[in-house]
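Take a look at the letters that make up each chain.
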Amino acid sequence: MTDQPLSMVVLVSGTGSNLQAILDAIDAGLPAQVTAVISNRPQALALRRAASRNIPTRVIDHREFARRDEFDARLDSLLDELNPQLVVLAGFMRILGDSLVRRWHGRMLNIHPSLLPDYRGLHTHRRVLEAGERWHGCSVHYVTAELDGGPVIARARVEVHANDDEASLKSRVHHCEHALYPKVIDWVARGRLKLAHDTPILDNKQLRQALTFDAPQLMEEAL
Ligand code: NHR
Ligand code: GAR
C-alpha cells in the first residue's frame, strides 16, 4: 500500500448510490479520497451527496455543448486540472470520445449493470428479463473506446427470480454494485490491480477471465 490515499474523481449523472457506497467504504478504511465529483446533469442527487461531505463538485452540462467533442474537450481539461490517480464512472450516462478515453487508459473504471460481455448498453434489467435469463449482475471494467467493451476485472452474479420485475431485479443488482465497486477500488488503492497490455493484473497474476463472485458471498464479505 502506498502512503498517500489514492486520489479519485468520480463522474456521475444521477442518484449516486455507487458514489455513496464508495464514500462509506472510505469511512470504513478504503485508502482513497474523492477529490471532486463531476456531473453532466446539474440536478443529480449525487452532487448533493458530495456537497454534504464538503467534496468539491463541478457540473459540465452536456446540453450546453453543440457537439460531443466540445463536451469531451471541457471534461478532458477539467480532469487535467484535477489530475486524479483514478477516474471512476458511477452511473455516468454520457458516452466518452476516443481521445479522452485513450488519455485515461488504465486509469478509468466503470461499473455496468450486467454480466459483461453480455448486455452492453442501456436498459439491461429489462432486456435480461425479456430474454428469460437465469443470471444477471454487474461488472467493473476498464473504460476503453469500445462502449462497455474494455477489459473486465470483476463481476457479481445475482439469480433472476421467477417473480422479478425490472424494479426488484435492479434493486438486487444495485446492492451488489455497492459491494463490488469499493472492493475493486480497494485493489487499485493498495497497488494490487493494474492494467498491462489490456490485461488486468491482480496480485501479479493476469486475469484472463473476470473474477466472478456470487452476490451472497460478496455481501457477506462486505459486512
Ligand atoms: N465511454 C466509453 N468510451 N467507453 C465506455 O465503456 C463507457 C463510456 C461512457 C459511459 C457507462 C455505460 C454503462 O455502464 C460508460 C461506458 C451511457 C450510454 C449511453 O448510451 C451507454 C453506456 C454507458 C453509459 N448514453 C447516451 C449517450 O448518447 C445517453 C443516455 C442518457 O443520457 O440517458 O451518450 O452502461
Ligand atoms: C448503476 O446501476 C450503474 O451500474 C448504472 O446506473 C446506475 C447508477 O446508479 N450505470 C449505467 O447504466 C451506465 N450507463 P447510482 O447513480 O445510484 O450509482
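Below, the structure is looked at part by part. (Residues numbered from 1 in each chain as written. Chains lettered and ligands numbered in written order. Predicted model: local features only at pLDDT ≥ 70, side-chain atom pairs only at ≥ 80, totals over all residues. Heavy atoms only, no water.)

1. Quick notes on the site of ligand 2
The following threshold applies: One heavy atom within 4 Å of a molecule or strand makes the whole residue count as near it. Here a polar contact is recorded for every N or O atom pair within 3.5 Å, except that within protein the pair must consist of a potential hydrogen donor and a potential acceptor, and residues adjacent in sequence are included only if both atoms are side-chain atoms. To be clear on the numbers: accessible area is Shrake-Rupley with a 1.4 Å probe, and residue cover counts the displayed protein chains and nothing else. Labels follow the DSSP assignment, with helices taken as runs of H or I lasting at least four residues and strands as runs of E lasting at least two, numbered in each case from the N terminus. Any residue that is not Ala, Val, Leu, Ile, Met, Phe, Trp, Tyr, Cys, Pro, Asp, Glu, Lys or Arg is counted as polar, Gly included; the first ten are nonpolar and the last four charged.
Near ligand 2, the surroundings consist of Thr15, Gly16, Ser17, Asn18, Gly91, Phe92, Met93, Ile111, Pro113, Leu122, His174 and Glu177. Isoleucine 111 places a polar main-chain atom, nitrogen or oxygen, 3.4 Å from an oxygen atom of ligand 2. Glutamate 177 places a side-chain nitrogen or oxygen 2.8 Å from an oxygen atom of ligand 2. If ligand 2 stood free it would expose 450 Å²; the protein chains cover 86% of that surface. Elements that contribute at least two residues to the shell around ligand 2 include exactly helix H1 (17-27) and helix H6 (166-189). Looking at the shell around ligand 2, its residues break down into five nonpolar, six polar and one charged.

2. Concerning the environment of glycine 106
This is how it is decided: Relative accessibility decides the category of a residue: with a 1.4 Å probe and only protein chains considered, values under 20% of the type maximum give buried, values over 50% give exposed, and everything between is partly exposed. We call two residues contacting when some pair of their heavy atoms lies within 4.5 Å.
Position of glycine 106 relative to the elements: it lies in the loop between helix H4 (98-103) and strand S5 (108-112). Given the relative accessible area of 26%, glycine 106 is considered partly exposed. Sequence-wise, glycine 106 and alanine 196 are 90 residues apart; in three dimensions their C-alpha atoms are separated by 7.9 Å. If sequence neighbours within four positions are ignored, glycine 106 has contacts with Tyr142 and Leu195.

3. Re the packing of aromatic side chains
For the record, the criterion: Planes of paired rings set the category: under 30 degrees apart is stacked, over 60 is edge-to-face and the rest tilted, where pairs are Phe, Tyr or Trp rings (Trp by its six-membered ring) whose centres lie within 6.5 Å. Only Lys NZ and Arg CZ are tested; either one counts as a charge over a ring when it is within 6 Å of the ring centre and within 35 degrees of the ring normal.
Taken as a whole and assessed by the stated rule, the structure comprises one aromatic pair. Centre to centre, the rings of phenylalanine 65 and phenylalanine 71 are 6.0 Å apart; their planes meet at 80°, and the pair counts as edge-to-face. Directly above the aromatic system of tryptophan 104 lies the positively charged group of arginine 107, at a separation of 4.2 Å from the ring centroid. Here the guanidinium or amino end of arginine 157 rests over the ring plane of tryptophan 135, the centre of that ring lying 3.6 Å away.

4. Details of the packing of H1 against H6
Stated formally: To obtain an axis, a line is fitted to C-alpha atoms, over the contacting stretch when the element is a helix, and the angle between two such axes runs from 0 to 180 degrees between their N-to-C directions. Angles below 35 degrees are treated as roughly parallel, those above 145 as roughly antiparallel, those between 65 and 115 as roughly perpendicular, and all remaining angles as oblique. Note: crossing handedness is left-handed where the near helix turns anticlockwise from the far helix by less than a right angle, and right-handed where it turns clockwise.
For the pair H1 and H6, interaxial distance at closest approach is 9 Å and the crossing angle is 50°. By the angle between their directions, the pair H1 and H6 is classed as oblique. Crossing angle aside, the handedness with which H1 passes H6 is right-handed. Residues Ser17, Asn18, Ala21, Ile22 and Ala25 of H1 form the contact with H6, whose participating residues are His174, Glu177, His178, Tyr181, Pro182 and Ile185. The residue makeup of the contact of H1 with H6, split by class, is six nonpolar, four polar and one charged.

5. Some words on unusual backbone geometry
Outside of glycine, negative phi angles account for most residues, and trans bonds account for most peptide bonds. Geometrically, the link from leucine 116 to proline 117 is a cis peptide bond, its omega value of 10° lying close to zero. Counting through the fold element by element, proline 117 comes out in the loop between S5 and helix H5 (124-130). Within the chain, asparagine 54 stands out as a residue other than glycine whose phi angle is a positive 60°. Mapped onto the fold, asparagine 54 is located in the loop between helix H2 (45-51) and strand S3 (57-59). Assessed through its relative accessible area of 72%, asparagine 54 is described here as exposed. The residue asparagine 83 is not glycine, and still its phi comes out positive at about 50°. Secondary-structure assignment places asparagine 83 in the loop between helix H3 (68-82) and strand S4 (86-89). By relative accessible area, which is 54% here, asparagine 83 ends up exposed.

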